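# Secondary and tertiary structure notes
So the chains spell out like this:
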Amino acid sequence: MRIATWNVNSLKARLQRIEEWVADMQPDVLCMQETKVSDDAFPSLTFMSMGYESAHFGQGQWNGVAILSKVGLTDVISNFAEGEPDTDARIITAMCGGVRVCSVYVPNGRSLEDDHYKYKLRWMAQLRRHVAAISSPDETVIVAGDFNICPTDIDVYDPAKFVNATHTSPPERDALAELMGWGFVDLFRVHHSEEKLYSWWDYRAGDFHQGRGLRIDLVLGTKAVADRCTWSIIDRNARKGQAPSDHAPVIIELD
DNA sequence: ATGGTGGCCCGGCCA
């Protein structure tokens, strides 16, 4: 079973590339973020014709998360299962082929002084509550998406540039550690411990070609998932060529 | 040190 996550940065702008990538990679489950469409405009028929059921939680212009599956898709939960609902469309959960899958788009944070940064930290705490409310650490659970947090300095092209910045601040990393402490493993790092492996590159200033990226797109899995995970990759080829997303997909394979 | 690119939808905001 192959599970992928991809911040597509607009479904409308990216649909052709997504179709090509899906046809090529054949994920059983694909989590998407930043679809930037309303539920009405979500192209479920396009994905159905490719063999996928889909669930989408969108709000139109901004945010929006989805799950595609060709191994079943049930028990859909849009937004947090518990507590104050988010006003943004940033999390959707479903059961796919025996795996409980959450597709998440964690708030960016903007800057350490911004209210959006406090919102990001609250959001991470709510995410932990969400997974604890709907599952337990001994189950088969995956949280995949754009976390907008680099777990460690080796996930940052130049850590000195990110002192007193979002994505690397200790409170953000603590919040991620809290979530992972519930019972998750960073599945990419199980297979790849080396530096300079990123999932996002700014569109500006040739950052992709200069290797200036961040690893902020994560697939977190419980032990039951990690035990079945045979490989994981970041498909940086998807960041090349005409009209790419600024994020590359992350893929994991389960036995 | 700054600004650069690209998405939204057409003037800035967001990333």
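A brief structural summary. None of the values given here were measured: they were computed from a predicted structure. (Residues numbered from 1 in each chain as written. Chains lettered and ligands numbered in written order. Predicted model: local features only at pLDDT ≥ 70, side-chain atom pairs only at ≥ 80, totals over all residues. Heavy atoms only, no water.)

## Looking at the sheet that holds strand 1 (residues 2–7)
In sheet architecture, strand pairing relies on hydrogen bonds along the backbone and comes in two forms, parallel and antiparallel. Where we set the bar: Strands pair, by our definition, only if DSSP identifies at least two bridges between them. In DSSP terms, a helix is any run of H or I states spanning at least four residues, a strand is any run of E spanning at least two, and both are numbered starting from the N terminus. Every axis in this analysis is a line fitted to C-alpha atoms, fitted for helices over the stretch in contact. Angles between the N-to-C directions lie between 0 and 180 degrees. Between two residues, a contact is recorded if the distance between any of their heavy atoms is within 4.5 Å.
The six strands are arranged 3-4-2-1-14-13 in an open sheet whose pairing can be described as mixed. Where the open sheet ends on each side, the last strands, each with one partner, are strand 3 (53–57) and strand 13 (229–234). The average angle at which neighbouring strand axes cross in this sheet is 10°, direction not considered. Bridging between strand 3 and strand 4 (residues 65–69) involves five bridges; their strand directions are antiparallel. Among the inter-strand pairings, His56 is bridged to a residue of strand 4, identified as Ala66. Taken strand by strand, helix 1 (residues 11–25) contacts strand 1, strand 2 (29–33) and strand 14 (250–254), and its axis lies near 160° from that of strand 1.

## Things to note about unusual backbone geometry
Definition in use: The buried label goes to any residue with under 20% of its type's maximum accessible area, the exposed label to any with over 50%, and the partly exposed label to all in between, with areas taken from a 1.4 Å probe on protein chains only.
The residue Asn79 is not glycine, and still its phi comes out positive at about 75°. You can see Asn79 is positioned in the loop between strand 5 (74–78) and strand 6 (91–96). Look at Asn79 and you get buried, because its relative accessible area is 10%. The phi torsion at Asn148 lies on the positive side, around 50°, for a residue other than glycine.

## Some details on the protein's contact with DNA strand B
To be explicit about the condition: We call a residue near a molecule or strand as soon as one heavy atom of that residue lies within 4 Å of the molecule or strand. As used in this structure description, the phrase polar contact means that two N or O atoms lie within 3.5 Å; if the pair is within protein, one of them must be able to donate a hydrogen and the other to accept it, and residues adjacent in sequence are counted only when both atoms belong to side chains. Throughout, the ten residues Ala, Val, Leu, Ile, Met, Phe, Trp, Tyr, Cys and Pro are labelled nonpolar, Asp, Glu, Lys and Arg are labelled charged, and all others, Gly among them, are labelled polar.
Inspection of the region around DNA strand B gives 13 residues, with Ser10, Trp62, Asn108, Arg110 and Arg204 positioned closest. At the protein interface, 58% of the atoms of DNA strand B within 4 Å belong to sugar or phosphate. Here a phosphate oxygen of DNA strand B and a side-chain polar atom of Ser10 are 2.7 Å apart. In the environment of DNA strand B, a base oxygen lies 3.2 Å from a nitrogen or oxygen atom belonging to the side chain of Arg204. Broken down by class, the residue content of the surface near DNA strand B amounts to four nonpolar, five polar and four charged.

## Some words on the packing of aromatic side chains
To describe a pair of aromatic rings, you give the distance between the ring centres and the angle between the ring planes. We apply this condition: Two rings from Phe, Tyr or Trp (for Trp, the six-membered ring) form a pair when their centres are within 6.5 Å of each other. A pair whose planes differ by under 30 degrees is stacked, one over 60 is edge-to-face, and the rest are tilted.
Inspection of the entire model under this criterion finds six aromatic pairs. With centroids separated by 5.6 Å and ring planes inclined at 40°, the aromatic side chains of Phe42 and Phe47 adopt a geometry described as tilted. When the centroid spacing of 5.1 Å and the interplanar angle of 40° are considered together, the rings of Trp182 and Phe184 count as tilted. This pair shows no difference in class: Trp182 is buried, exactly as Phe184 is.

## Notes on the pattern of salt bridges
As a reminder of what qualifies: We define a salt bridge as a contact between a side-chain nitrogen of Lys or Arg and a carboxyl oxygen of Asp or Glu at a distance within 4 Å.
What the rule picks out here adds up to 15 salt bridges. Residue Asp88 pairs with Arg90 through a salt bridge whose shortest N-O separation is 3.1 Å. The class of Arg90 is buried, set by a relative accessible area of 4%. The salt bridge involving Arg212 is made with Asp207; its shortest N-O contact spans 2.8 Å. Residue Asp207 is classed as buried on the basis of its relative accessible area, which comes to 10%. Here the salt bridges do not stand alone but share partners, grouping Asp155, Asp186, Arg189 and Arg215 into one network.

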